[in-house]
Each structure stands twice: as C-alpha cells, then as structure tokens.
Amino acid sequence: PLAAGFRLTWKAAGTGRNVAYRVLRKAGGGPQNAQDGEALGEVRNTTLDDAGVPAGVLWHYAVFSMRGGAACHEPAASGPHLRTAEVDDLEAIASDREVTLRWQAPPGCRRVEVWRRRGALPERHGDGTAVTVAGNGAHDTGLTSGEAYGYRVVAVFPDPGRPSGETHTEGQTVLATPVAPPAAVSDLRASRTGKNVLLSWTPVPGATVQIRQASRLPEYVPGLILPSSQADRFGTLVLGATSN
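Let me sum up the structure you'll find in this document.

What counts as what
- Residues numbered from 1 in each chain as written.
- Predicted model: local features only at pLDDT ≥ 70, side-chain atom pairs only at ≥ 80, totals over all residues.
- Heavy atoms only, no water.
- Helix = DSSP H or I, 4+ residues; strand = E, 2+ residues; numbered from the N terminus.
- Buried < 20%, exposed > 50% of the residue type's maximum accessible area, 1.4 Å probe, protein only.
- Lys, Arg positive; Asp, Glu negative; His and termini not counted.
- Salt bridge = Lys/Arg side-chain N within 4 Å of Asp/Glu carboxyl O.
- Polar contact = N/O pair within 3.5 Å; in protein donor to acceptor, adjacent residues only side chain to side chain.
- Contact = heavy atoms within 4.5 Å.
- Core = buried A, V, L, I, M, F, W, Y, C linked by side-chain atoms within 4.5 Å.
- 1 Å grid on protein atoms, 1.4 Å probe; cavity = no way out; pocket = protein on both sides within 12 Å on 5 of 7 lines; lining within 4 Å.
- Points joined across faces, edges and corners; volume = space filled by probe spheres on them.
- Nonpolar A, V, L, I, M, F, W, Y, C, P; charged D, E, K, R; others polar.
- Patch = residues over 30% accessible without salt bridge, like charges linked within 9 Å, V, L, I, M, F, W, Y side chains within 5 Å.
- Areas by Shrake-Rupley, 256 points an atom, 1.4 Å probe, with all protein chains shown as cover.

## A few points about the side chain of Arg152
Item 1. Structurally, Arg152 can be placed in strand S13 (residues 149–158).
Item 2. Although buried, Arg152 forms no salt bridge, and the nearest oppositely charged side chain, Glu170, lies 5.0 Å from it.
Item 3. Among the polar contacts made by the side chain of Arg152, one reaches the main-chain carbonyl oxygen of Glu123 at a distance of 3.5 Å.
Item 4. Not counting residues within four places of it along the chain, the set of residues in contact with Arg152 comprises Glu113, Val114, Trp115, Pro122, Glu123, Arg124, His125, Glu170, Gly171, Gln172 and Thr173.

Encoded structure:
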C-alpha cells in the first residue's frame with residue numbers, strides 16, 4: 001500500500017529482450033486481455049506505482065508482457081485490493097452538555113462509526129463508548145460541561161477479503177469540551193462621526209466580544225453556536241476593538 005494507492009511488483013518474463021509490461025486496473029474483476037481495463041502504462045522494469053487510486057472500490061490488476069504490440073495470453077494478476085480513506089472536514093462544535101460532530105464521508109464508505117472517551121482520545125476503533133451517527137454527523141448529549149471528551153471517527157468499508165466482510169480506517173480524532181455559551185450581546189449601538197463609527201454595548205460577564213465587519217448583514221439565527229474557526233463567514237475581524 002501507498003498513501004493513496006498501491007505499488008505493484010512482479011517477476012520478469014523469461015522471454016529474452018525487448019519485452020515491455022502493460023499494467024491495467026479494473027473494478028470488480030480481473031482484466032481478461034491487454035485492452036480490458038484502465039491502462040496505467042507500459043514499462044520495461046518490474047515495478048509501477050499506482051498512486052491515484054479511487055477509494056472504496058475493489059480493484060484488480062493485471063500485468064501483460066508485450067513484444068512488438070503482441071501481448072502474452074496469461075497475465076500476472078492480483079486482486080481484489082481496496083483503498084480506504086478517512087473522513088474529511090471533521091469538526092466538533094461544543095455547547096452546554098453536548099458536542100456536535102460533522103464530517104464528509106469518503107466515497108465507497110459503508111458507514112461511519114464514532115467512539116468517545118472522557119478525558120482522552122480513543123486509541124483505536126471500538127475503544128470507548130459508541131456514539132449514534134446520523135448522516136454526516138453525530139449529536140452527543142448528556143455530557144458534563146467543563147470536562148474534555150475525545151472522539152475517534154472511523155470510516156467502515158466493505159471488504160470481502162476479510163472474515164467480517166468489512167475493514168475500517170484508523171480514524172480521525174478530535175477533542176472537545178462542552179461549555180455553556182455566554183449570553184449574547186443584546187444592546188449594540190452605533191453612532192457615526194464623519195468616517196468613524198463608534199460601537200457600544202453592555203459587557204457580557206466572563207466573555208470576550210469579537211466585532212465583525214461586512215458589506216451587508218449576514219444571514220443567521222439568534223443564538224447560533226459555531227466554532228470560532230467559522231467566524232469569518234460573518235465578516236472581517238475588526239482589530240483593536242475593546243469589549244465595552
């Protein structure tokens with residue numbers, strides 16, 4: 001296995017010189033002739049890296065020895081081979097006594113499993129408590145605010161080569177600490193003097209305030225909770241603003 005594919009190796013054909021090797025890849029079954037499948041190239045050595053293999057597909061490979069455009073009758077064959085992939089764009093949004101996880105599942109994935117441990121990241125698939133998954137996310141409730149929780153998000157793929165018929169990835173991990181969100185600013189005031197705008201509001205106890213500037217009011221629902229990494233969607237941060 002390679003990071004995103006497979007390295008193929010084979011023994012040289014015992015047919016003398018001027019021999020090339022045509023390598024093919026095919027989904028669902030082995031190539032039957034030198035034109036049956038996706039050609040990965042012709043080489044004169046005995047190795048080839050297939051570095052861009054789509055995930056979630058059972059691939060079969062064949063290597064035909066070639067001379068003068070003519071192919072051997074029986075290729076060297078290998079397969080099926082499955083490349084797995086992790087979920088993408090994993091994020092955790094913590095609020096009071098709950099954590100919401102979101103991700104994008106990889107292609108060919110049968111399902112995604114989420115495992116949770118209190119105070120540490122799960123070390124592997126099956127370590128900790130299973131969290132119910134719904135689509136490309138999970139909503140974990142009944143937690144203790146102020147305590148850290150570790151999550152491992154694992155992609156599960158079909159694999160007929162295993163007794164269970166499945167294989168799973170190592171998983172992506174994230175730590176999150178549920179916390180009660182601060183009260184919202186409710187009395188924002190603005191006054192303009194020439195090119196300057198003065199904003200004022202009542203400070204929120206125990207919280208800092210960010211000021212975002214945009215050309216128009218963003219679309220949002222009051223009380224929306226989101227990770228700070230997504231704050232840019234509401235405009236450009238105004239530097240040097242004070243919380244009063």
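## Some remarks on the nonpolar core
Item 1. Ranked by size, the top nonpolar core spans 18 residues in total, and within it Val99, Leu101, Trp103, Val112, Val114, Tyr151 and Val153 carry the most contacts.
Item 2. Contributing elements (two or more residues each) for this core: strand S9 (98–104), strand S10 (111–118), S13 and strand S15 (172–176).
Item 3. Residue contributions to this core peak at five residues, all from S13.
Item 4. Trp10, Val19, Tyr61 and Val63 belong to the second-largest nonpolar core, a separate cluster that totals 12 residues.

## Thoughts on the layout of surface pockets
Item 1. Of the pockets and cavities examined, the largest pocket occupies roughly 2,000 Å³.
Item 2. Broken down by secondary-structure element, the contributors of at least two residues to the lining of the largest pocket are strand S8 (88–95), strand S17 (196–200) and strand S18 (212–213).
Item 3. The element that contributes the greatest number of residues to the lining of the largest pocket is S8, accounting for four residues.
Item 4. For the lining of the largest pocket, a count of residues per class yields 33 nonpolar, 10 polar and two charged.

## Regarding a nonpolar patch on the surface
Item 1. A contiguous nonpolar surface patch, about 330 Å² in accessible area, is contributed by Val185, Leu188, Val197 and Leu199.
Item 2. Along the chain, the position of Leu188 falls in the loop between S15 and strand S16 (189–193).
Item 3. Residue classification places Leu188 among the exposed residues on the basis of a relative accessible area of 55%.

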